[in-house]
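Single-letter residue listing:
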Amino acid sequence: MKKPNVRPWISKLEIRCKIISILGASFLLITLEEPLVLSIALTGLLILARLMGLSWGFIGKKLRLPLPFLLFMAVPLIFGEGLPVSGDRLIFAYQLMAKGLGVFMLLLMLTYTQEEVQLVEGLRQLPIPKTLSAVLLLSFRYVNVWTGTLKKTYRSSVSRGFEKGWNPGTLKVYGEMIGGMILRSLDQSQRVHRTMISRGFSKDLPMRPPSPLGKREGLWVLSGIMVFALLKVLEMRL
């Protein structure tokens, strides 16, 4: 997983504080209903992402991932009763898309502002099963291995004359390539698991002790509470 060059202040923020605050902000964002307040919240999240060091190109590229699914849900809501479209349906569709994009942006901030190991360490220091944190860490590592192998396979196919496109022949090659990678990954994961068990893996991974919370973390949490309190007050007045 390639990381952007984030600002030092966010990468040094204690990971437990970051996880709890961003997940809490996600739930609070879902409670907002007023379209104007949701628009303000989305604008604030974009500004915060830029302050963290995420570029506009990176943000736009990542937001393309959930957008088709959100549109797939929003379009039937808008035109479900035919024309003319009611204002309530437009507002509900906008709420759905705004909340989905906002939560996705918060998860981007959580995922791409530190290394995977630090994120799993933070989860490990929270009251979640140790086995789950170990599986997450191994999954992060294996995704990197899998995507690297997929890129090598694609470059090898291009060097042998394969031309990308959307015709039936090309799609067949894509399907065979991905299917072969999945089968190879399943076989490789079984070999890795047997190797880890033979070396004494007990479904637990040693982690560093948690860092103490400081003034930076307190200011971060206090700022988040104040911002969402102001948003809720503004929503109540509209």
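Residues numbered from 1 in each chain as written. Predicted model: local features only at pLDDT ≥ 70, side-chain atom pairs only at ≥ 80, totals over all residues. Heavy atoms only, no water.

(A) Here's a closer look at the overall build of the protein. Within the protein, the regular secondary structure consists of ten helices and zero strands. When the helices and strands of the protein are read in sequence order from the N terminus, they spell out α-α-α-α-α-α-α-α-α-α. Sequence-distant contacts, at least 24 apart, represent 78% of the contacts inside the protein between residues at least 6 apart. As displayed, the protein offers around 15,500 Å² of accessible surface, 69% of which is attributable to carbon and sulfur atoms. (Helix = DSSP H or I, 4+ residues; strand = E, 2+ residues; numbered from the N terminus. Contact = heavy atoms within 4.5 Å. Areas by Shrake-Rupley, 256 points an atom, 1.4 Å probe, with all protein chains shown as cover.)

(B) Molecular detail of the packing of helix H3 (residues 35-52) against helix H10 (residues 215-237). Close contact between H3 and H10 brings their axes to 10 Å; oriented N to C, the two are set at 160 degrees. In terms of their interaxial angle, H3 and H10 are classed as roughly antiparallel. The handedness of the crossing between H3 and H10 comes out as right-handed. Mapping the contact onto sequence places Val-37, Ile-40, Ala-41, Leu-48 and Met-52 in H3 and Trp-220, Leu-231, Leu-234 and Glu-235 in H10. Looking at side-chain class alone, the contact of H3 with H10 contains eight nonpolar, no polar and one charged residues. (Axes fitted to C-alpha atoms, helices over the stretch in contact; angles between N-to-C directions. Parallel < 35°, antiparallel > 145°, perpendicular 65-115°, else oblique. Left-handed = near helix turned anticlockwise from the far one by under 90°. Nonpolar A, V, L, I, M, F, W, Y, C, P; charged D, E, K, R; others polar.)

(C) Molecular detail of the packing of aromatic side chains. One pass over the structure, following the stated rule, counts one aromatic pair. Ring plane angle 75 degrees and centroid distance 5.0 Å describe the contact between Phe-58 and Tyr-112, whose orientation is recorded as edge-to-face. Here Phe-58 is found in helix H4 (residues 56-63), whereas its partner Tyr-112 is found in the loop between helix H6 (87-111) and helix H7 (116-124), with 54 residues between them in sequence. With relative accessibility at 11%, the residue Tyr-112 sits in the buried group. (Phe/Tyr/Trp six-rings, centres within 6.5 Å; stacked < 30°, edge-to-face > 60°. Buried < 20%, exposed > 50% of the residue type's maximum accessible area, 1.4 Å probe, protein only.)

(D) Expanded view of the environment of Val-173. Tracing the chain through its elements places Val-173 in helix H9 (residues 168-198). Put simply, Val-173 and Ser-157 are 16 residues apart on the chain and 9.5 Å apart in space, counted from C-alpha to C-alpha.

(E) Main features of H3. Between its terminal C-alpha atoms H3 stretches 26 Å, which fits the 26 Å expected from 18 residues at 1.5 Å a residue. Buried residues in H3 make contact with helix H1 (8-11), helix H2 (15-31), H4, H6 and H10. Note on H3: the residue one or two positions beyond its end, Gly-53, has a positive phi of about 110 degrees. (Expected span 1.5 Å × (residues − 1).)

(F) Just the nonpolar core, in detail. By size, the foremost hydrophobic cluster in this structure holds 40 residues, and its most contacted members are Ile-19, Leu-29, Leu-32, Leu-106 and Met-109. Sorting the residues of this core by element identifies H2, H3, H4, helix H5 (67-79), H6, H7 and H10 as the ones contributing at least two each. Among the elements that take part in this core, H6 stands out by supplying ten residues, more than any other. Setting aside anything within four residues of it in sequence, one finds Leu-106 in contact with Ile-22, Ala-25, Ser-26, Leu-29 and Leu-45. (Core = buried A, V, L, I, M, F, W, Y, C linked by side-chain atoms within 4.5 Å.)

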